[in-house]
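Spelled out from the first residue to the last, the chains are:
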There are 2 protein chains.
Amino acid sequence: MKTVYERADIVPLLAEIFRELGYEGTTLSRITERTGIGKGSLYHFFPGGKEEMAAAVLADVDVWFERAVYEPLRRDDAAAAIDAMWANVMDYFRSGRRICLVGAFALDETRERFSPAIRDYFVRWIEALRRALVRAGCGEAAALAAAEEAVSGIQGALVLSRALDDTDMFRRTLDRLAGRLAAAQPGR
Amino acid sequence: MKTVYERADIVPLLAEIFRELGYEGTTLSRITERTGIGKGSLYHFFPGGKEEMAAAVLADVDVWFERAVYEPLRRDDAAAAIDAMWANVMDYFRSGRRICLVGAFALDETRERFSPAIRDYFVRWIEALRRALVRAGCGEAAALAAAEEAVSGIQGALVLSRALDDTDMFRRTLDRLAGRLAAAQPGR
DNA sequence: TCTGCATTGTACTGATCGGTACAATTCGCA
DNA sequence: TGCGAATTGTACCGATCAGTACAATGCAGA
């Protein structure tokens, strides 16, 4: 028996494993164990090994956020895009049961391997949100502060809701953050 | 030549290593490499190996927060203790250059090993802060929300300031969080 | 100074790590 | 159907992993 994969099918599987085990905790044998994909396939699609796998996952995450969050924030009606952002974030992180891989990589020495990608992810999120807030009538300084607060607040909610194993606290915190962002937009 | 250590001297060294490398990324050889402490000593003081070392570090962290933060929040004048908390947190996390080990452990599967300690750390922090806010005249529901927001916000600031490699953003965020907490206390 | 115990350096174990090599298999296309 | 390229399973590599064993060393109290 021989199962045939495509690279695009493997990346999301790798993403979940890196999320749960972290970069150092993810080993090739545990990947095989959880997915059934052998070393032959893994090194065929990712000749650079574990580092290339993690890079591919980060790129995939980036594509998703670009399409589902950053782009709409830049393009669509500001208030609507911001509402959609909160809904998407809530779904994407599964009410706090799923963590942010980029945030997790930022915490330990894994950051050194991927620091441009990690930085970019957050810079672009904050910048897209900031500009949406400005378009919604928010002042420049207030918009930056509100955007930073929202993005930072999401990361904190992920850490805390996981530590407390409490998805309600994730929802509560996101609701509060959404309220603050709404309050920063004049006339909402 | 033979250097003699005490257990109490080793724990803080281990703490920094676990912080930087994470639980899985911390290996005995890297501990020896960074501290000069050999396996003989490590297994003499921590017969349970790496897991016992990490547990000892978590216990040490807990003691520090209990003494420097939770206790004063429960005992001292509420407003003064809260001010002291912000100053202590800023110092302890070195303006965002040092991460929260407990928060980092909460993110990946390491949580499963230490979940009671991780949960306790945050539960007690939030509860001590909540009660201080109530003593300061804050309503029950508002006090809980404000306490959660502060503790969660600190974790988010650690993630984001590290991702952006920006200590100023840590300071800015903590200032904003402190301001929100002050606003939650009537007559400040 | 001597003795007994705490502490440490070193050498070792079996398991697992990331990574390589390559033959066998399967697939797309003619 | 048959051929060449893409894909995969398996055996293997040296390095490193956590952990063990134990003799050598240093120290505190007699």
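Above: the structure in question.
We now turn to the structure provided with this report.

Basis of the calculations
Residues numbered from 1 in each chain as written. Chains lettered and ligands numbered in written order. Predicted model: local features only at pLDDT ≥ 70, side-chain atom pairs only at ≥ 80, totals over all residues. Heavy atoms only, no water. Salt bridge = Lys/Arg side-chain N within 4 Å of Asp/Glu carboxyl O. Helix = DSSP H or I, 4+ residues; strand = E, 2+ residues; numbered from the N terminus. Near = heavy atom within 4 Å. Polar contact = N/O pair within 3.5 Å; in protein donor to acceptor, adjacent residues only side chain to side chain. Nonpolar A, V, L, I, M, F, W, Y, C, P; charged D, E, K, R; others polar. Contact = heavy atoms within 4.5 Å. Buried area = accessible area lost by both parts, 1.4 Å probe.

Quick look at the pattern of salt bridges now. Counted according to the given criterion, the structure contains 42 salt bridges over all chains. With a closest N to O distance of 3.9 Å, Glu149(B) and Arg180(B) form a salt bridge. Of this pair, Glu149(B) sits in helix H8 (residues 140-163) while Arg180(B) is found in helix H9 (residues 167-184), placing the two residues 31 residues apart along the sequence. Residues joined by salt bridges that share partners form a network here, namely Glu149(A), Arg176(A), Arg180(A), Glu149(B), Arg176(B) and Arg180(B).

Now for the protein's contact with DNA strand D. Neighbouring DNA strand D are 18 residues, the closest being Lys2(A), Tyr5(A), Lys2(B), Ser29(B) and Lys39(B). Side-chain polar atom of Ser41(A) to a sugar or linking oxygen of DNA strand D: 3.0 Å apart, as the coordinates give it. Separating a phosphate oxygen of DNA strand D from a side-chain N or O atom of Thr27(B) is a distance of 3.1 Å. Of all the secondary-structure elements, those providing two or more residues to the surface near DNA strand D are helix H3 (39-45) of chain A together with helix H2 (28-35) and helix H3 (39-45) of chain B. Per-element tally for the surface near DNA strand D: the top contributor is H3(A), with four residues. Each residue belonging to the surface near DNA strand D can be placed in one class, and the counts come to five nonpolar, nine polar and four charged.

Let us now look at the interface of chain B and chain A. Counting residues at the interface gives 40 residues for chain B and 40 residues for chain A. Carbon and sulfur atoms supply 55% of the area that chain B and chain A bury against each other, a total of about 3,500 Å² over both sides. Summed over the shared surface of chain B and chain A, the result is 10 salt bridges. Of the charged contacts, one joins Arg30(B) and Glu109(A) as a salt bridge, the two residues approaching to 3.3 Å between their closest N and O atoms. In this structure, the connection of chain B to chain A is made through 22 residue pairs in polar contact (both at pLDDT 80 or more). Breaking the side of chain B that touches chain A down by element, the ones donating at least two residues are helix H1 (7-25), helix H6 (101-107), helix H7 (110-135), H8 and H9 of chain B. In terms of residue count, H8(B) provides more of the side of chain B that touches chain A than any other element does, 13 residues in total.

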